[in-house]
Amino acid sequence: MSVSVAAFLVFGASQVGTPGPANMALMATGARFGFRAALPFVAGVALGKQLVIWPIGFGLMELAKSVPWVFEALKWASVAYICWLAWKVANMRLSAGVSEGTAPGFLAGLWVHPLNPKAWAMITTGFTSFTAAGTPSLEATLTIALCLLGLQLVLHPIWAYAGDRIATLLAGRPEEKYLMWSLAALTVASVLLVLF
């Protein structure tokens, strides 16, 4: 096959299933608003990665070669957004599924991956490491898009559910603030790991 699907699925699962800005946002949303209320956000996050996959698959990497400052600007804007998101998580308090306010919805979820450096790095690696040279763009892009969407539909809800369960255990307890600070630190660390 032109795309090494089995190897890419293993790689993709290691990326989609581990801590990063998107998973920390999913966990924090599940913790703050409960699993059911987080589901529209989960769906937005899952589909938002498609907003990165398709442009990369059809030539964004070529644009990066000819206009590198665009990618450099995008990289630092993404870092700023993820750090802001981490700050919000650090100062968030759990509510065991009962929260004032409204959970972030589908549209808020759509922006998480386009502004996530880990997502860009993972997708670029997928195209450069698991796709044979000369593979038609549509075939490569469709294969990578479907593999990642399948992984996200399984793994992203688990992060939101884990947040809901953690909130049930820790809401209002002294350990709560340390958990939120740890989630925020993991979010920032995952971005710095990709950058450096």
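For the structure given in this document, a descriptive report is provided here. (Residues numbered from 1 in each chain as written. Predicted model: local features only at pLDDT ≥ 70, side-chain atom pairs only at ≥ 80, totals over all residues. Heavy atoms only, no water.)

**Focus on the overall build of the protein**
Along its length, the protein carries 9 helices and 0 strands. Helices and strands appear in the protein in the N-to-C order α-α-α-α-α-α-α-α-α. Counting the 196 residues in the protein, one finds 44% classified as buried. Within the protein, contacts between residues at least 6 apart in sequence are counted, and of these 90% link residues at least 24 apart. (Helix = DSSP H or I, 4+ residues; strand = E, 2+ residues; numbered from the N terminus. Buried < 20%, exposed > 50% of the residue type's maximum accessible area, 1.4 Å probe, protein only. Contact = heavy atoms within 4.5 Å.)

**Describing empty space enclosed by the protein**
The method is simple in principle: a probe with the dimensions of a water molecule rolls over the atoms, and the space it marks as empty is what remains. Taken as a whole, this structure holds 1 cavity of 30 Å³ or more when the rule is applied. Reported here for the largest cavity is a volume of approximately 80 Å³. Elements supplying a minimum of two residues to the lining of the largest cavity: helix 1 (5–16), helix 2 (21–33) and helix 7 (117–129). (1 Å grid on protein atoms, 1.4 Å probe; cavity = no way out; pocket = protein on both sides within 12 Å on 5 of 7 lines; lining within 4 Å. Points joined across faces, edges and corners; volume = space filled by probe spheres on them.)

**Looking at the packing of helix 3 (residues 35–48) against helix 8 (residues 137–170)**
With their axes 9 Å apart at the nearest point, helix 3 and helix 8 run at an angle of 150 degrees to one another. Between helix 3 and helix 8, the angle falls in the class roughly antiparallel. Relative to helix 8, the crossing made by helix 3 is right-handed. Residues Phe-35, Ala-38, Val-42, Val-45, Ala-46 and Leu-47 of helix 3 lie in contact with helix 8, whose contacting residues are Leu-149, Gln-152, Leu-153, His-156, Pro-157, Ala-160, Tyr-161 and Asp-164. Looking at the contact of helix 3 with helix 8 residue by residue, the classes come out as 11 nonpolar, 2 polar and 1 charged. (Axes fitted to C-alpha atoms, helices over the stretch in contact; angles between N-to-C directions. Parallel < 35°, antiparallel > 145°, perpendicular 65-115°, else oblique. Left-handed = near helix turned anticlockwise from the far one by under 90°. Nonpolar A, V, L, I, M, F, W, Y, C, P; charged D, E, K, R; others polar.)

**Comments concerning helix 1**
When the terminal C-alpha atoms of helix 1 are compared, their 15 Å separation across 12 residues agrees well with the 16 Å that a helix rising 1.5 Å per residue should span. Buried within helix 1 we find Phe-8, Phe-11, Gly-12 and Val-16. Angularly, the buried residues of helix 1 cover 125 degrees about the axis, an arc narrow enough to put them on a single face. Those residues of helix 1 that are exposed and angled more than 90 degrees off the buried face are Ala-6 and Val-10. Contacts from the buried residues of helix 1 go to helix 2, helix 7 and helix 8. (Expected span 1.5 Å × (residues − 1). Arc of directions from axis to C-beta.)

**A word on the nonpolar core**
The tendency in soluble globular proteins is for nonpolar side chains to be buried as a group. Among the nonpolar cores identified, the biggest contains 22 residues, and Leu-26, Phe-41, Val-45, Val-89 and Leu-183 are the most heavily contacted of them. Sorting the residues of this core by element identifies helix 2, helix 3, helix 5 (68–90), helix 8 and helix 9 (175–195) as the ones contributing at least two each. With 6 residues, the single largest contributor to this core is helix 2. Ignoring anything within four residues of it in the chain, the contact list for Phe-41 reads Ala-25, Leu-26, Thr-29, Pro-104, Gly-105, Phe-106, Ala-108, Gly-109 and Val-112. Phe-11, Ile-56, Trp-120 and Ile-123 belong to the second-largest nonpolar core, a separate cluster that totals 19 residues. (Core = buried A, V, L, I, M, F, W, Y, C linked by side-chain atoms within 4.5 Å.)

**Describing the side chain of Asn-116**
Counting through the fold element by element, Asn-116 comes out in the loop between helix 6 (106–110) and helix 7. With a relative accessible area of 2%, Asn-116 lands in the buried category.

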